[in-house]
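# Structure assessment
Next come the chains, spelled out residue by residue.
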Amino acid sequence: MHSLLLCVAVVLTSVAASQVEFPYNLPPTAACSILKAIYPNNKLLPVDAGYVNETQLSWDTSACLDPACVFAPSTSAQMSVAISTLATLRTKFAMRGGGHMPISTAANINSSGVLLSSTNLIQLRLLADRQTVSPGPGNTWGKVYEYLDGTGLSVLGGRLGPIGVPGLLLGGGISFYGNEYGFASSNGYIRAYECVLANGRVVTTTERNRYSGLYWALRGDENSFCIVTRFDLKPIDAPNTMLTDATYGNGTMVKKQWIDSIYNFVMQVHKDTKAAIIPVARFGSGYCTSRPKEALNIVHDTLFAGVEAQLANGIGYPQRPVEIPTFWTEQSISWSRAEDDAILEHFKSSVNAEINAKLEVIKATSAYLYLSDASENQAVFQSYPPENLARLKAIRSKYDPTMVFTKLMPGGFKVANA
Ligand SMILES: Cc1cc2nc3c(=O)[nH]c(=O)nc-3n(C[C@H](O)[C@H](O)[C@H](O)COP(=O)(O)OP(=O)(O)OC[C@H]3O[C@@H](n4cnc5c(N)ncnc54)[C@H](O)[C@@H]3O)c2cc1C
């Protein structure tokens, strides 16, 4: 049986390279068996130790699902075999990096498919000329920063250690250095992506090589195009950093001072482009006595009336957020009981509809939605310039004509569905 499966797998990978579909509708366990036959030590069935760690590590507990099996390749060649096998068998799958996208099916899948894990893609290298840092997608930003500690260099990455490298970079990437350098994926701070295409080929994309269209698309469009197996990042000089986490209590006076401080910071931000803040207003017992809906409106209205930031950096990437003074808000709402989902969903949609309606009255809405922080039902790609969305769709069709990364890997925001 073992050798038969191996034989089937070899045939499958060559069939996949020629984009021919397997004529049978097999359950995902068939792909699991084939991958197990080829890589007996590298695949985790539900009964195996380690399966739970792989499937339950998401930041959002609703993303802890039970895939038919987990495959954790350690090289791009192994990833290529996995993609070829899954594409040929038409088996559904999901791809997980650091598991921090707070959407249940973005980076995991239930028993209808296979979870590809980046756990073993943990290569991390600073090249001798100190011009390139190359993390595999299994790294978290904490690992990357630890690795660079003492070198005087850093990279544009996440503001919390546990966030995964791939999801953040594929969404754009807001770092502590965004004020000075823009998105982590913009302005050449990603030199190259190594990735596995839908037909199993491993390619390296750069701004100037024959895959430059794919390079452009990967700077803000997540997972519709390929699976990235290595990022080549351009480091920045960061000899010293200072971080503080200040808390100011609550009450009307604190709120006023807090908003004034943010306003002043933004007004002066061009004077110190190395500075960054994450203003957080927490609503909940012990944090705030006012009602959340009112407070959100106050924050929006007050800031929108006053913020005049410097222009956003760079326009040569798919998202192209509008280059006028703008502020983005992210609402992070946590709850513990699944029974409350409907209440919270209603809260989110009704409050945001009200906020948007009020902002529209004063013509203060901004179309752009940041993919990495967007909610599942937000139309992220429709917020991009239409010509960029059209270009993204064309690039997607070119590199994945059989829609492997759209139909077989349904999780996440999909260019083709926009
Ligand atoms: C607590 C918290 C703090 C955050 N802070 C920041 C911040 O400071 N700056 C910021 O910009 N964002 C931030 N985010 C948002 C975060 O960047 C996104 O959620 C991002 O997707 C997380 O990356 P990940 O690898 O952990 O995600 P995952 O959930 O593993 O993956 C996200 C998406 O990327 C796809 N993907 C993963 N790996 C690959 C790959 N190798 N190839 C192709 N597709 C892949 C997945 O299929 C999935 O659709 C934060 C989120 C949380 C929960």
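What you see is a predicted model, and the numbers here were worked out from it, not measured in a lab.

### Examining the overall build of the protein chain
Scanning the protein chain from N- to C-terminus turns up 13 helices and 11 strands. A total of 418 residues make up the protein chain; the buried ones form 45% of that total. Taking the intrachain contacts of the protein chain between residues at least 6 apart in sequence as the baseline, contacts between residues at least 24 apart amount to 66%. Split by element, the accessible area of the protein chain, about 20700 Å² in all, is 56% carbon and sulfur.

### Considering the site of the ligand
As a structural note, the neighbourhood of the ligand is formed by 30 residues, with Met 95, Gly 97, Gly 99, Arg 159 and Tyr 370 the closest of them. Contacts to the ligand include His 100, whose backbone N or O atom sits 3.0 Å from an oxygen atom. Gly 164 places a main-chain nitrogen or oxygen 2.9 Å from an oxygen atom of the ligand. Considering the ligand on its own, with 960 Å² of exposed area, one finds that the protein chains cover 95% of that surface. Within the residue set of the shell around the ligand, elements represented by two or more residues are strand S3 (92-96), helix H6 (165-171) and strand S10 (227-233).

### Examining the nonpolar core
Among the nonpolar cores identified, the biggest contains 80 residues, and Phe 93, Leu 116, Trp 141, Leu 169, Leu 214, Phe 225 and Phe 405 are the most heavily contacted of them. At 7 residues, helix H4 (residues 76-89) tops the list of elements feeding residues into this core. If sequence neighbours within four positions are ignored, Leu 116 has contacts with Phe 71, Met 79, Ala 82, Ile 83, Leu 86, Phe 93, Ala 94, Met 95 and Arg 96. With 5 residues, the next largest nonpolar core counts Tyr 51, Val 70, Ile 109 and Leu 115 among its residues.

### Some details on the pattern of salt bridges
A complete count under the given rule lists 9 salt bridges for this structure. Here Arg 337 ties to Glu 339 by a salt bridge, and the two come within 3.7 Å at their closest N and O atoms. A residue is classified by how much of its surface remains accessible, and Arg 337, at 44% relative accessible area, is partly exposed. Salt bridges linked by common partners bring Glu 194, Arg 230 and Asp 232 together as one network.

### Quick word on the state of the cysteines
Evaluation of the coordinates by the stated rule reveals 1 disulfide. Each disulfide pairs two cysteine sulfurs, and for Cys 32 the partner residue is Cys 69, the sulfurs being separated by 2.1 Å. Taking the sign of the torsion about the S-S bond as the criterion, the disulfide between Cys 32 and Cys 69, at about -95 degrees, is left-handed. In this pair, Cys 32 sits in helix H2 (residues 28-38) while Cys 69 sits in strand S2 (residues 69-71), placing the two residues 37 residues apart along the sequence. Under the relative-accessibility criterion, Cys 32 is labelled buried at 1%. Look at Cys 69 and you get buried, because its relative accessible area is 0%.

### What to know about unusual backbone geometry
Here Arg 90, not a glycine, exhibits a phi torsion of approximately 55 degrees, which is positive. With a phi close to 60 degrees, Glu 222 is a non-glycine residue in the positive phi region.

### A word on the environment of Gly 50
With respect to the helices and strands, the residue Gly 50 is situated in the loop between strand S1 (43-44) and helix H3 (51-55). You can call Gly 50 partly exposed: its relative accessible area is 30%. For Gly 50 and Val 70, which are 20 residues apart along the polypeptide, the C-alpha to C-alpha distance reads 9.5 Å.

### Describing the environment of Gly 411
Tracing the chain through its elements places Gly 411 in the segment after helix H13 (404-408). Counting along the chain gives 303 residues from Gly 411 to Asn 108, while the straight-line C-alpha distance between them is 7.4 Å.

### Notes on the packing of aromatic side chains
Per the counting criterion, the structure on display carries 11 aromatic pairs. Relative to Tyr 384, the ring of Phe 381 lies with its centre 5.4 Å away and its plane at 85 degrees, an arrangement referred to as edge-to-face. For Phe 381, a relative accessible area of 2% puts it in the buried group. Judged by its relative accessible area of 3%, Tyr 384 is buried.

### A word on the side chain of Ser 117
Topologically, Ser 117 is positioned in strand S4 (residues 113-117). At a separation of 2.7 Å, a polar atom in the side chain of Ser 117 contacts the side chain of Glu 54. Excluding anything up to four places from it in sequence, Ser 117 contacts Glu 54, Val 70, Phe 71, Ala 72, Pro 73, Met 95 and Arg 96.

### Points about the pairing of S4
Extensive coverage of S4 is indicated by the burial of 5 of its 5 residues. Of the pairings in the sheet, the one linking S3 to S4 comprises 5 bridges and is parallel in character. Looking at S4, one finds that Phe 93 is bridged to Val 114.

Rules behind the numbers
For every chain, the first residue of the written sequence is number 1, and numbering continues from 1 along that sequence. pLDDT decides what is reported in this predicted model: residues at 70 or higher carry local features, side-chain atom pairs at 80 or more are listed and counted, and totals for whole chains, interfaces and linings draw on all residues regardless. Values reported for side chains reflect all heavy atoms of the structure, with hydrogen atoms and water molecules removed beforehand. Runs of E in the DSSP output that reach at least two residues are strands. Runs of H or I that reach at least four are helices, and both are numbered from the N terminus. The cut-offs for exposure are 20% and 50% of the maximum accessible area for each residue type, with area from a 1.4 Å probe on protein chains only; residues under the lower value are buried, those over the upper are exposed, and the others partly exposed. The contact criterion used throughout is that any non-hydrogen atoms of two residues lie within 4.5 Å. Values of accessible area rely on a 1.4 Å probe in the Shrake-Rupley scheme; residue burial ignores everything except the protein chains shown. In these notes, residues near a molecule or strand are those with any non-hydrogen atom within 4 Å of it. Counting of polar contacts relies on pairs of N or O atoms within 3.5 Å, with two restrictions inside protein: one atom must be capable of donating a hydrogen and the other of accepting it, and residues adjacent in sequence are counted only when both atoms are side-chain atoms. In plain words, nonpolar cores are sets of buried Ala, Val, Leu, Ile, Met, Phe, Trp, Tyr and Cys residues tied together by side-chain atoms within 4.5 Å. In what follows, salt bridge is the name for a side-chain nitrogen of Lys or Arg lying within 4 Å of a carboxyl oxygen of Asp or Glu. Note on terminology: pairs of cysteine sulfur atoms within 2.5 Å are recorded as disulfides. Stacked, edge-to-face and tilted labels apply to pairs of Phe, Tyr and Trp rings (six-membered ring for Trp) whose centres lie within 6.5 Å, assigned for plane angles under 30 degrees, over 60, and everything in between, in that order. Here a strand pair is declared whenever DSSP counts at least two bridges between the two strands.

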